[in-house]
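For reference, the chains in residue letters:
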Amino acid sequence: MPGLLEGKTALILGIANKWSLAYAIADAFRREGARLVLTHQGTRQRETVEELGRELGAAMVRNCDVSLDEDLERLREELHREGIRLDSVVHSIAFANREDLGRPFAETSRSGFLVAQDISVYSLVAVARAAAPLMSEGGSITTLTYLGANRVIPNYNVMGVAKAALEAAVRYLASDLGPRGIRVNAISAGPVKTASARAVKDFTSILDFVAQRAPLRRNTEPAEVGDTAVFLASDLGRGVTANVLYVDAGFQAMGL
Ligand code: NAD
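### As for the overall build of the chain
Step number 1: Helices and strands together make up the secondary structure of the chain, namely eight helices and seven strands.
Step number 2: By the compact-globule yardstick of 18 Å for 256 residues, the chain fits well, its C-alpha radius of gyration being 17 Å.
Step number 3: Taking the principal axes of the C-alpha coordinates as reference, the chain spans close to 50 × 40 × 40 Å.
Step number 4: Residues classed as buried in the chain amount to 52% of the 256 residues present.
Step number 5: Put simply, 74% of the contacts in the chain that link residues at least 6 apart link residues at least 24 apart.
Step number 6: Only carbon and sulfur atoms are counted for the fraction: they give 51% of the accessible area of the chain, which is about 12200 Å².

Here you go:
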């Protein structure tokens, strides 16, 4: 049986290591036959992501720091020069200063607030703008969000506000790009132990709480996020845009 993404090319931003949600997504895309273009953030990650790229059979691995317009422009130019048409883009990127993920939200500094918004929200807008001209036959853009966008999660703080803005950005981008056949959605993943998640103070207690209270009585597997990303990028998701899909063992439904 042909894979769900056979003949499609996907740009995936946000693999830092094997535990990254973007890695699970890339692995699921590979399984379904997608051609992969991966990016890494700067030279520190280069070797690891190139190695993972070889493992995944990626067609291309490039550097792209999304806080730098010139990096995004270079990536766009290179993909254009290579004649690569994109069918899907996965934006799996967020950043906040560690001190803002532990102290009271009211103490967030202006600069800490802005850095979280720049890397975790504006970058989706910048990536969509760079990628859209390469998506000449339409396609799908997917980002990653978290329940902290609409509920108060201890210590998630400035990132919760960034995720609220990210989800709003998904709706505005979906409205702008829909006429070009480009769908824009977010997956709201349950907590998963990754490098970024470890920056949230007492993250392990969030994992424990979710495992006790979620309808499925367990935490989210990265592969479940990968499979939902496949659905959104595939033709099965062709009617879905401007949406936030929860892949969280049902935790978002619980009041207490
Ligand atoms: P991760 O640390 O593996 O991935 C975060 C990625 O963001 C890294 O690859 C990092 O290099 C990249 N990044 C940060 N600043 C960047 C920049 N300036 N330029 C380019 N890349 C940059 O952690 P993850 O948990 O896989 O995070 C991926 C996404 O999933 C994030 O948006 C995160 O908020 C979201 N998410 C995570 C969880 C969780 O519990 N792990 C839950 C819901 C949503």
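### Here we look at the environment of Ser 88
Step number 1: Looking at the element boundaries, Ser 88 is found in strand β4 (residues 88–91).
Step number 2: When the C-alpha atoms of Ser 88 and Val 184 are compared, they prove to be 9.8 Å apart, with 96 residues separating the residues in sequence.
Step number 3: If we ignore the near neighbours within four places in the chain, the residues touching Ser 88 are Thr 9, Ala 10, Leu 11, Phe 29, Met 135, Ser 140 and Ala 233.

### Here's the deal with empty space enclosed by the protein
Summary: where empty space remains is shown by rolling a probe the size of a single water molecule over the atoms.
Step number 1: All told, the structure shown has two cavities of 30 Å³ or more when counted by the stated rule.
Step number 2: In this structure, the largest cavity occupies an estimated 70 Å³ of space.
Step number 3: Contributing to the lining of the largest cavity are Leu 11, Leu 13, Leu 72, Leu 75, Arg 76, Leu 79, Leu 86, Val 127, Ala 130, Ala 131 and Leu 134.
Step number 4: With four residues, helix α3 (residues 69–81) is the largest single contributor of residues to the lining of the largest cavity.
Step number 5: The space that makes up the second largest cavity amounts to roughly 40 Å³.

### Structural notes on the packing of aromatic side chains
Step number 1: Counted by the stated rule, this structure contains two aromatic pairs.
Step number 2: Judged by centre distance (4.9 Å) and plane angle (70°), the ring pair of Tyr 146 and Tyr 156 falls under edge-to-face. Pair noted here: Tyr 146 is in the loop between β5 (139–145) and α5 (157–177) and Tyr 156 is in the loop between β5 and α5, with a separation of 10 residues, a long-range link.
Step number 3: For Tyr 156, a relative accessible area of 10% gives the class buried.
Step number 4: Where Phe 209 meets Phe 251, the ring centres are 6.1 Å apart and the plane angle is 80°; that geometry is what we call edge-to-face. In this pair, Phe 209 is assigned in helix α7 (residues 203–213) and Phe 251 in the segment after β7 (243–247), connecting sequence segments 42 residues apart.
Step number 5: The exposure class assigned to Phe 209 is partly exposed, which follows from its relative accessible area of 39%.

Rules of the game
Residues numbered from 1 in each chain as written. Predicted model: local features only at pLDDT ≥ 70, side-chain atom pairs only at ≥ 80, totals over all residues. Heavy atoms only, no water. Helix = DSSP H or I, 4+ residues; strand = E, 2+ residues; numbered from the N terminus. Rg over C-alpha atoms; globule rule 2.2 N^0.38 Å. Buried < 20%, exposed > 50% of the residue type's maximum accessible area, 1.4 Å probe, protein only. Contact = heavy atoms within 4.5 Å. Areas by Shrake-Rupley, 256 points an atom, 1.4 Å probe, with all protein chains shown as cover. 1 Å grid on protein atoms, 1.4 Å probe; cavity = no way out; pocket = protein on both sides within 12 Å on 5 of 7 lines; lining within 4 Å. Points joined across faces, edges and corners; volume = space filled by probe spheres on them. Phe/Tyr/Trp six-rings, centres within 6.5 Å; stacked < 30°, edge-to-face > 60°.

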